[in-house]
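A closer look at the structure
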Amino acid sequence: MFITGFPVLSVLIFFPLIASIALIFLKNTVSIKVFTLLVSLIECLLLLPVLTGFDTTTAAYQFVEKHAWIEAWNIQYFLGIDGISVLMVFLTVFLLPICVLCSWRYIEQRIKEFNLSLLLMTSVCLGIFCALDFVLFYIFWEAMLVPMYLLIAVWGGPFRRYASLKFFIYTLTGSTLFLAAIVAFYINTGTFSIPELMNHYYSFRFQFWTFLAMTIAFAVKVPIYPLHTWLPAAHVEAPTAGSVLLASILLKMGSYGLLRFCLPITPAASDYFAPFMIALAIISIIVGSFLALSQTDMKKLIAYSSVAHMGFVVLGIFVFAFRGIEGAIMHMVNHGIITGALFLLVGLIYERSHSRNLADNMGVSKDLPAYTGFLLLFALAAFGFPGTNGFFSKLLVLLGAFEANFWLGVLFVIGMILGLAYLLRLLLTVGWGKPSQVQPDWKDMNLREWIYLAPLGLLVIYLGVAPGKALSFIGPSVDHLLSEFQREKNMIYQSAPDQETPEFLSDRKNSDSEILLRMKDAGTAGRIFHSEGYSYD
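Now for a quick tour of the structure. Since the model is a prediction, treat every value here as computed from it, not as a measurement. (Residues numbered from 1 in each chain as written. Predicted model: local features only at pLDDT ≥ 70, side-chain atom pairs only at ≥ 80, totals over all residues. Heavy atoms only, no water.)

With that out of the way, let us pick up the pairing of strand β2 (residues 75–81). Of all 7 residues in β2, 7 are buried; the element is thus mostly enclosed. Of the two faces of β2, the one lined by I75, Y77, L79 and I81 and the one lined by Q76, F78 and G80 are each fully buried. Pairing geometry for strand β1 (residues 62–70) and β2, over 6 bridges, is antiparallel. Residue H67 lies in a different strand from β2, and its bridge partner there is Y77. Counted along the chain from β1 to the antiparallel partner β2, the turn is 4 residues long, and its residue N74 has a positive phi close to 60°. (Buried < 20%, exposed > 50% of the residue type's maximum accessible area, 1.4 Å probe, protein only. Helix = DSSP H or I, 4+ residues; strand = E, 2+ residues; numbered from the N terminus. Pairing = 2+ DSSP bridges.)

Below, the structure is given as structure tokens:
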């Protein structure tokens, strides 16, 4: 771990929080907007030392800050980032000024409270990706619910109360199970330190239950079928900035949790459940694509497409191949860029037509050529067209899928073809369909809209043409994750005495262990364990 003298991560996390306190004392609407925009731009500048100072040759945690917090419970203020989290930190900060700009005219009521919620949301999301203590992580994880709930419930559409309540209930239920897993780890090890927990070995039965508890919480966030039903309502009712944050950041917290906790801490259970997780990922891809194909509301179409795209991410994680996991992390970032941009485009057209229905927004290419050009770019990127950022991430996951099993690769391709179908439907209908209404007062994109869409377009092209720099951030951490995962799985073949764990967590003592292996395709997941009293130290 690299410990630096300057607390760069703390500054990055708490600067928006402190700024939100200062925002309370502002009264003028224009000054509130300008102040929030300045804060977001300063936050981007504060990110530069992290990106320029990040060592891409090591998998160690960097910019580490570690201080005793609650010594009686061994709880620490412990921050750090590695290749798995650094790009998500970048995306979170990068989207803040974009969310401020896209809401400049869209939000007309409670403007101060709205901008305060954006700043709070940024702080807690950064805390989630930087925390290396379970209690600290959980505090940020739960705190995230408040600003997101407010963004939907206060500034959402006509059914905002239903959507916000459903989001809150689903997420809080999963979080309760996650808390139970955290407590179980503490009882078993006496620590909340995430790196220390990764170095412990647990009985299979313990891993089984903690994996289930954590994965349900993360599956709600991703979301994986059938836990996805809260997502369309939340997206449709949320304001544009809320939809951007939801799709680009919040969904990635689930897949981040799978990578950060499930694979390194519960490797045997991850291996055991891999066929089930892969099956759910494939179902999410197919079902999400068909649901997207049947939608007439543009926001719902993109929301269901997110279910399919996150299915690609989960598939890449659970094939346990270097290319698959590297592609999954890249697709987390790329999906955040692409889908965030698509939601911005929906918000942009809504400001003109006051409708999100495809039938009310047909054939706009003549009146809105620049808008149509951006729609074309981001739709092609969402499909994975060569030269866009979606191509390389999907290609890596596809290679990982084929390495694991030929038929997984075939199903992946089918999912991509379905994706092409709903994206072409969106693009051709909105861009070149028969115009559905007179549009004499519709104006193409103004300067503000160019400013917040152009950076996303440039990122789509840059990461599509030259993804090497982004992959260099990820590579060492993925290699380390897989090597540790494989090493810990190999402990299965060595008998070791049980750890002393509480009776309700431990397996039966001194019984024989039987390990049955199947689905040994390309060294990937699919091993089925029947363990009684087996633990490894």
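Right, picking up where we left off after that structure.
Remark: the centre distance and the inter-plane angle together describe each pair of aromatic rings, the angle taken between the planes. All told, the structure shown has 39 aromatic pairs when counted by the stated rule. On the numbers, 6.1 Å between centres and 55° between planes, the contact of Y138 with F178 is tilted. One end of the pair, Y138, is in helix α5 (residues 134–143); the other, F178, is in helix α7 (residues 160–189), with 40 residues separating them in the sequence. On the numbers, 5.3 Å between centres and 70° between planes, the contact of F374 with W450 is edge-to-face. With a gap of 76 residues between them, F374 in helix α15 (residues 369–383) and W450 in helix α18 (residues 447–465) connect regions that are remote in the sequence. The partly exposed category is assigned to W450, whose relative accessible area is 39%. Feature note: the residues F134, F137, Y138, W141, F178, F185, Y202, F206, F218 and F261 constitute an aromatic cluster, connected by ring pairs. Here the guanidinium or amino end of K221 rests over the ring plane of W141, the centre of that ring lying 4.2 Å away. If you follow R356 out to its NZ or CZ, it ends over the ring of Y350, 5.6 Å from the centre. (Phe/Tyr/Trp six-rings, centres within 6.5 Å; stacked < 30°, edge-to-face > 60°. Lys NZ or Arg CZ within 6 Å of the ring centre and 35° of its normal.)

This brings us to the environment of A308. When you line up the elements, A308 lands in helix α13 (residues 298–318). The exposure class assigned to A308 is buried, which follows from its relative accessible area of 1%. Between the alpha carbons of A308 and A292 there is a distance of 8.8 Å; along the sequence they are 16 residues apart. Excluding anything up to four places from it in sequence, A308 contacts S284, I285, G288, S289 and Y422. (Contact = heavy atoms within 4.5 Å.)

For side chains bearing opposite charge, pairing can occur when the charged atoms are close. This model, assessed by the stated rule, comprises 6 salt bridges. R356 is the partner of D297 in a salt bridge, and the nearest nitrogen-oxygen pair spans 3.6 Å. Here D297, found in the loop between α12 (267–293) and α13, pairs with R356, found in the loop between α14 (322–353) and α15; they are 59 residues apart in sequence, far enough to count as distant. R356 gets classed as buried once you look at its relative accessible area, which sits at 18%. Here E403 ties to R323 by a salt bridge, and the two come within 2.2 Å at their closest N and O atoms. Taken together, the positions of E403 in helix α16 (residues 389–404) and R323 in helix α14 put the pair 80 residues apart, joining distant regions of the chain. Accessibility expressed as a relative area gives 34% for E403, which makes it partly exposed. (Salt bridge = Lys/Arg side-chain N within 4 Å of Asp/Glu carboxyl O.)

Moving on, we get to the side chain of S248. Turning to its location among the elements, S248 is positioned in helix α11 (residues 240–265). Given the relative accessible area of 0%, S248 is considered buried. Here G336 takes part through its backbone oxygen, which lies 2.6 Å from a polar atom of the side chain of S248. For S248, the contacting residues outside a window of four places in its chain are M88, L91, L95, G336 and G340. (Polar contact = N/O pair within 3.5 Å; in protein donor to acceptor, adjacent residues only side chain to side chain.)

This part covers the environment of T92. Among the secondary structure elements, T92 is positioned in helix α3 (residues 86–102). By relative accessible area, which is 4% here, T92 ends up buried. Residues T92 and M121, 29 residues apart in the sequence, show an inter-C-alpha distance of 9.5 Å.

Let us look at the nonpolar core. Core analysis: the biggest nonpolar cluster contains 188 residues, and F134, M144, F178, L315, F318 and Y371 have the highest contact counts within it. If we ignore the near neighbours within four places in the chain, the residues touching M144 are M121, V124, I128, F167, T171, K221, L250 and M253. (Core = buried A, V, L, I, M, F, W, Y, C linked by side-chain atoms within 4.5 Å.)

Across residues other than glycine, the phi torsion is negative in most instances, and most of the peptide bonds are trans. P223 follows V222 through a cis peptide bond whose omega is -15°. Looking at the element boundaries, P223 is found in the loop between α9 (204–221) and α10 (230–237). Put simply, Y225 and P226 share a cis peptide bond, and its omega is 5°. Along the polypeptide, P226 turns up in the loop between α9 and α10. Even without being a glycine, N74 presents a positive backbone phi close to 60°. Checked against the element boundaries, N74 lands in the loop between β1 and β2. The class of N74 is partly exposed, set by a relative accessible area of 32%. Phi is positive for F320, which is not a glycine, with a value near 55°. Here F320 lies in the loop between α13 and α14.

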